[in-house]
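# Results of the structural survey
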Amino acid sequence: MNTGDIGNPVPRLIRRYVPITVWLPNYSGGKLRRDLVAAAVVTVMLIPQSLAYALLAGLPAEVGLYASIIPLVAYAVFGSSCTLSVGPVAVASLMSAVALGQVAAQSTADYLVAAAVLALLSGGFLMLLGVLRLGFLANFLSHPVISGFITASGILIAFSQLKHLLGISASGGSLPELIHGIIQNLVHWNPITLLLGMAVVLFLIWARSGMVVLLQRLSLSKDAASLMVKAAPVLGVLATIGVASGFNLEDKGVQLVGAIPGGLPTLQWPHVSRTLFEQLALPAVMISVIGYVESVSVGKTLAAKRRQKIDMNQELIGLGSANFVAGISGGFPVTGGFSRSVVNFDAGAETQLASVFTAIGIALAAMFLTPFLYYLPKATLAATIIVAVLSLVDFSILKKTWRYSPSDFFAVLVTIVVTLLFGVETGVSCGVLASIVLFLYRTSKPHIAEVGLVEGTEHFRNVERHQVLTVPQILSIRVDESLMFSNAAFLEERIYRDVAATPELCHVILMCSAINEIDWSALETLESINEQLKQAGICLHLSEVKGPVMDALQRCGFLKDISGKIFFTQYQAFTDLRGNFSGCAEL
């Protein structure tokens, strides 16, 4: 019996898929106090964020609140991270707006149903991947490409909110369309709306630096001041509500959020027609993948700070359950948010009960505070979004990748350009394709080095980088990659080229220290190389073959047919063959 089973009456299978059953029995009063404090801070931060991201998704403001209640509880039950905070986020909201805009018109019942179905499909897809233990698939999306997509999305989000800052109507899913819509309707701009929105933008930007200094001068600690800064959007909301109601700005053309229905979301299964399923299936997969990668990145970072870890497969189930309940509670796709998770962590959250308490706080706000939000200007929410997404824009990734890897640079550049010019869906598709192409390109051309002996040692190094001992009758080749269908021909071409350039060659030693696997296509290529070299009177030898690879070669009979020998070390191969230059016939 596992020692972790002692004293825990919950069956192992349940503990595996329901992490809350592991840590809840050991919950203490000290953790409760810290979780309550963190929940209070995150609730204050999440209320304006929820309203803003619902606006970004083209949904009524209350839908943002609905997406921040039950999904938080679901993740608390099934998620593996102690501090990840789920809810509406900028990129997922933008992607949702694009997907929903293709199937229904905004401000219609069909649009609300489509949003719920999109969350439902996202949740179902994520949970299916989790049950099948397919969390590793996210590794096929390169982080530079994801960074490029998020940067481009941040720019699109900021431009999409300019219409609310200007008080005009404009639409578009790409940067050219957004700019064209803004210019076309610019004559209808409202100066009061712009003044109000820009005041909030400037205040929020100042709050990130100047407010910290000010609060520290007032004897607050740096950590406390930083947490207070996170609540700056609430101050902007309260101030602009007061201004809008006090000066009756609605009559002056300033767009307000308006009446928000109070109360909690009702649980109901949205109608999923076959047509709607077909239209939203692919966008749901894209939102799920991007959201999962972003969540896991945040979860891993925060867990590492406390020497904890997260389960990538369980995260699929946790995020999937959060999206699933978002779909049946009138919400839209959610995922782990970077800013709110960091705030949750910094505020001292110990467990996911902090998220449960946050959900309770949002629920209370939905029941009792919505009448006060009538006079909230949409420009305030737009300003909140713009300032928030500015942190997503990171053009330094272009400079970093150009210095380190030109292939990564071009993948990032293409992803950014395509996303800006053609929209997020095309950008996601391009990013996925770029990641796959980049992976295949690298595996198709592995690093192959001719190696020689470092005199006085038993080590072998690249002849182009070190002063090493070689003899013309022996070619020692090291492949720094597993051999598979994509790179076998590259190895074959390299060996034949080196053989043709060295007429006195008698032995080829393939140093296998970095080869973890040889697939069937590569095996057939090795058999062909062995036969061709044998016909030319040249022996093929292997050295430093790993156990699993040796077992596979043994099972298929290749070791019986190889013209040369299998050596335990490269040094042994070189020293044994160094005095034998008569070819395979002498072995």
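Computed from a predicted model, the values in this text were never measured in an experiment.

### Observations regarding the nonpolar core
Judged by nonpolar contacts, the single largest core of 90 residues is most densely connected at Leu51, Met95, Phe149, Leu280, Tyr292 and Phe332. At twelve residues, the largest contribution of residues to this core is made by helix H15 (residues 274-305). Once residues lying within four places of it in the same chain are set aside, the contact partners of Tyr292 are Leu126, Gly135, Ala138, Met312, Asn313, Glu315, Leu316, Leu319 and Thr335. Counting 29 residues, the second largest nonpolar core, distinct from the first, contains Val508, Leu542, Val549 and Phe558.

### Considerations on the confidence of the model for the protein
Averaged over the protein, the pLDDT score is 90; the fraction of residues at 70 or greater is 97%. Across the protein, the element-wise mean pLDDT spans from 74 in helix H13 (residues 222-230) up to 97 in helix H5 (residues 70-78). Across residues 1-6, confidence stays below pLDDT 50; counting only partners more than four residues off in sequence or on other chains, it has four contacts.

### Thoughts on the pairing of strand E6 (residues 507-511)
For E6, the buried fraction is high: five of the five residues fall into the buried class. Both faces of E6 are covered, namely the face carrying His507, Ile509 and Met511 and the face carrying Val508 and Leu510. Note: strand E5 (residues 474-479) against E6, five bridges, orientation parallel. The residue of E6 that forms the bridge with Ile477 is Leu510. At this point the chain moves from E5, through helix H23 (residues 488-500), to the parallel E6, and the crossover so formed is right-handed. Note that E6 and strand E7 (residues 539-543) share five bridges and pair parallel.

### Focus on the packing of aromatic side chains
In this description, a pair of aromatic rings is defined by centroid distance and the angle of the planes. Counted by the stated rule, this structure contains eight aromatic pairs. Judged by centre distance (6.4 Å) and plane angle (55°), the ring pair of Trp23 and Tyr27 falls under tilted. When the ring of Phe460 is compared with that of Phe574, the centres are 5.6 Å apart and the planes differ by 70°; the resulting orientation is edge-to-face. Of the two residues, Phe460 is situated in strand E4 (residues 460-462) and Phe574 in helix H27 (residues 570-577); the sequence distance between them amounts to 114 residues. Each of the two residues, Phe460 as well as Phe574, counts as buried. An aromatic cluster is defined as three or more aromatic residues linked by ring pairs; in this entry it consists of Trp402, Phe409 and Phe410.

### As for the environment of Pro446
Its place among the elements puts Pro446 in the loop between helix H22 (424-444) and strand E3 (448-453). On the accessibility criterion, Pro446 (6% relative accessible area) is buried. With near-sequence residues (within four places) excluded, Pro446 lies in contact with Val479, Glu481, Asn487 and Phe490.

### Quick look at the environment of Leu204
For Leu204, the location among the structural elements is in helix H11 (residues 191-207). On the basis of relative accessibility, which here comes to 5%, the residue Leu204 falls in the buried class. Measuring from C-alpha to C-alpha, the distance between Leu204 and Ile386 comes to 9.9 Å, with 182 residues separating the pair along the chain.

### Details of unusual backbone geometry
Look at Ser107: it is not a glycine, yet its phi comes out positive at around 70°. Judged by its relative accessible area of 77%, Ser107 falls in the exposed class. Phi is positive for Glu544, close to 55°, though the residue is something other than glycine. On the secondary structure map, Glu544 appears in the loop between E7 and helix H25 (547-556). Overall, the relative accessible area of 26% leaves Glu544 in the partly exposed class.

### A closer look at the pattern of salt bridges
Proximity of charged atoms lets side chains of opposite charge pair with each other. One pass over the full model with this rule turns up six salt bridges. As a salt-bridge pair, Arg274 and Glu278 come within 3.2 Å of each other at their nearest N and O atoms. Linking Arg274 with Glu278, this pair stays in helix H15, spanning four residues, or about one helical turn. For Arg274, a relative accessible area of 69% corresponds to the exposed category. Residue class for Glu278 comes out exposed when judged on its relative accessible area of 52%. Among the salt bridges present, the one from Asp408 reaches Arg442, with a minimum N-O distance of 2.5 Å.

### Re the environment of Gly87
When you line up the elements, Gly87 lands in strand E1 (residues 86-87). Accessibility expressed as a relative area gives 0% for Gly87, which makes it buried. Filtering out sequence-adjacent residues up to four positions away, Gly87 remains in contact with Ala67, Val334, Thr335 and Arg340.

What counts and how
Residues numbered from 1 in each chain as written. Predicted model: local features only at pLDDT ≥ 70, side-chain atom pairs only at ≥ 80, totals over all residues. Heavy atoms only, no water. Core = buried A, V, L, I, M, F, W, Y, C linked by side-chain atoms within 4.5 Å. Buried < 20%, exposed > 50% of the residue type's maximum accessible area, 1.4 Å probe, protein only. Helix = DSSP H or I, 4+ residues; strand = E, 2+ residues; numbered from the N terminus. Contact = heavy atoms within 4.5 Å. pLDDT = per-residue confidence, 0-100. Pairing = 2+ DSSP bridges. Right-handed = clockwise from strand over helix to strand, strands pointing away. Phe/Tyr/Trp six-rings, centres within 6.5 Å; stacked < 30°, edge-to-face > 60°. Salt bridge = Lys/Arg side-chain N within 4 Å of Asp/Glu carboxyl O.

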